[in-house]
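# Fold and geometry: a report
Each chain, written out:
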Amino acid sequence: MTKTLIRGLMAGAALAMAASPLAAQNMARNPSVGGAPMSANKTIVANASAAPNLTTLVAAVKAAGLVETLSGPGPFTVFAPTNAAFSKLPAGTVDTLVKPENKAQLTSILTYHVVPGRITANDIAKKAKANGGTATYSTVAGGTLSFMKMGKGWGIKDAKGGHAMITTANVMQSNGVVHVIDSVLMP
């Protein structure tokens, strides 16, 4: 009886995986963020809210009133600074930015981390190869981000000359893709 039950459960699981190749692909390939599993079937905001190392970003997105936008259809590519990235900013910066009177400045900084479309690490690499080693993308805020190979990973240069590294690439979302980064980018 037990062998029959186990075979039945295994057959059911196999059918479910065959019926949903995206779910199977997501389980096998989508990286976790901060130890939390990310689902390609959830939005950018839903996944970020589940990641313990993106709580500062999520709070900032809420303070800027961008939850609805980043939960929308997109697609968006988000370069998501971790809590550690925000902690590199001068003391008190985040507390100041999330105040209602600084909403425009916060929105500008956050939308500088968003590029329209679904841009994977492979897309960045192809564009960089075609352009002498640097890929440039325009952000929703209107600025540009420059990407270049740095060691084994991809570095990002912001408008102020600051640098960030992509630490976790290609976290697929239902409305785009997220690349986790180790510094906050400044327009």
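Nothing here was measured: the structure is a model prediction, and the numbers come from that model.

Cut-off values and rules
Residues numbered from 1 in each chain as written. Predicted model: local features only at pLDDT ≥ 70, side-chain atom pairs only at ≥ 80, totals over all residues. Heavy atoms only, no water. Buried < 20%, exposed > 50% of the residue type's maximum accessible area, 1.4 Å probe, protein only. Helix = DSSP H or I, 4+ residues; strand = E, 2+ residues; numbered from the N terminus. Pairing = 2+ DSSP bridges. Contact = heavy atoms within 4.5 Å. Core = buried A, V, L, I, M, F, W, Y, C linked by side-chain atoms within 4.5 Å. Axes fitted to C-alpha atoms, helices over the stretch in contact; angles between N-to-C directions. Parallel < 35°, antiparallel > 145°, perpendicular 65-115°, else oblique. Left-handed = near helix turned anticlockwise from the far one by under 90°. Nonpolar A, V, L, I, M, F, W, Y, C, P; charged D, E, K, R; others polar. Phe/Tyr/Trp six-rings, centres within 6.5 Å; stacked < 30°, edge-to-face > 60°. Lys NZ or Arg CZ within 6 Å of the ring centre and 35° of its normal.

## Thoughts on the pairing of strand S1 (residues 76-81)
Here S1 lies mainly inside the structure; 6 of its 6 residues are buried. Judged by which residues are buried, S1 turns out to be covered on both faces: Phe76, Val78 and Ala80 on one side and Thr77, Phe79 and Pro81 on the other are all buried. Alignment of S1 against strand S2 (residues 114-116), held across 3 bridges, turns out to be antiparallel. In the strand pairing of S2, Thr77 is matched with Val115. Sheet topology note: the S1/strand S7 (residues 176-181) ladder contains 6 bridges and is parallel. In the sheet register, Pro81 faces S7, and the bridge partner there is Ile181.

## Quick look at the environment of Val58
Summarising the element assignment, Val58 is placed in helix H4 (residues 55-64). In contact with Val58, other than residues within four places in its own chain, are Ala48 and Ser49.

## Observations concerning the nonpolar core
Core analysis: the largest hydrophobic core is formed by 30 residues, its most contacted members being Val33, Leu70, Val78, Leu110 and Val178. When residues of this core are traced back to their parent elements, those giving at least two are helix H3 (44-50), H4, S1, helix H6 (83-87), helix H8 (103-111) and S7. If one sorts the elements of this core by residue count, H4 sits on top with 5 residues. Here Leu70 is in contact with Thr43, Ile44, Val45, Val61, Phe76, Val78, Val114 and Asn175, once residues within four sequence places are set aside. Listed in part, the 16 residues of the second largest apolar core include Tyr112, Ile119, Ala128 and Leu145.

## Regarding the packing of H4 against H8
Contact geometry for H4 and H8: axes closest at 9 Å, N-to-C directions at 125°. With respect to each other, H4 and H8 are oriented oblique. Note that H4 runs across H8; the crossing there is left-handed. Between H4 and H8, the residues in contact are Leu57, Ala60, Val61, Ala63 and Ala64 and Lys103, Leu106, Thr107 and Leu110, respectively. Considering only residue class, the contact of H4 with H8 consists of 7 nonpolar, 1 polar and 1 charged.

## Some thoughts on the packing of aromatic side chains
Any two aromatic rings considered together are summarised by their centre-to-centre distance and by the angle between their planes. On inspection of all chains with the given rule, the structure shows 2 aromatic pairs. Aromatic side chains Phe79 and Phe147 sit 5.2 Å apart centroid to centroid with 45° between the ring planes, which places their arrangement in the tilted category. One end of the pair, Phe79, is in strand S1; the other, Phe147, is in strand S4 (residues 144-150), and 68 residues separate them in sequence. With a relative accessible area of 0%, Phe147 lands in the buried category. Between Tyr137 and Phe147, the aromatic rings sit 5.7 Å apart at their centres with planes inclined by 80°, giving edge-to-face as the arrangement. Remark: Phe147 occurs in strand S4 and Tyr137 occurs in strand S3 (residues 134-138); sequence separation between them is 10 residues. Judged by its relative accessible area of 12%, Tyr137 falls in the buried class. Aromatic rings pair up to connect Phe79, Tyr137 and Phe147 into one cluster. In this arrangement the basic side chain of Lys127 is found over the ring face of Tyr137, its NZ or CZ atom lying 4.0 Å from the centre.

## A word on the side chain of Asn47
Within the secondary structure, Asn47 sits in helix H3. When its relative accessible area of 2% is taken as the criterion, Asn47 is described as buried. Those residues in contact with Asn47, other than ones at most four positions away along the chain, are Met38, Ser39, Lys42, Met172 and Gln173.

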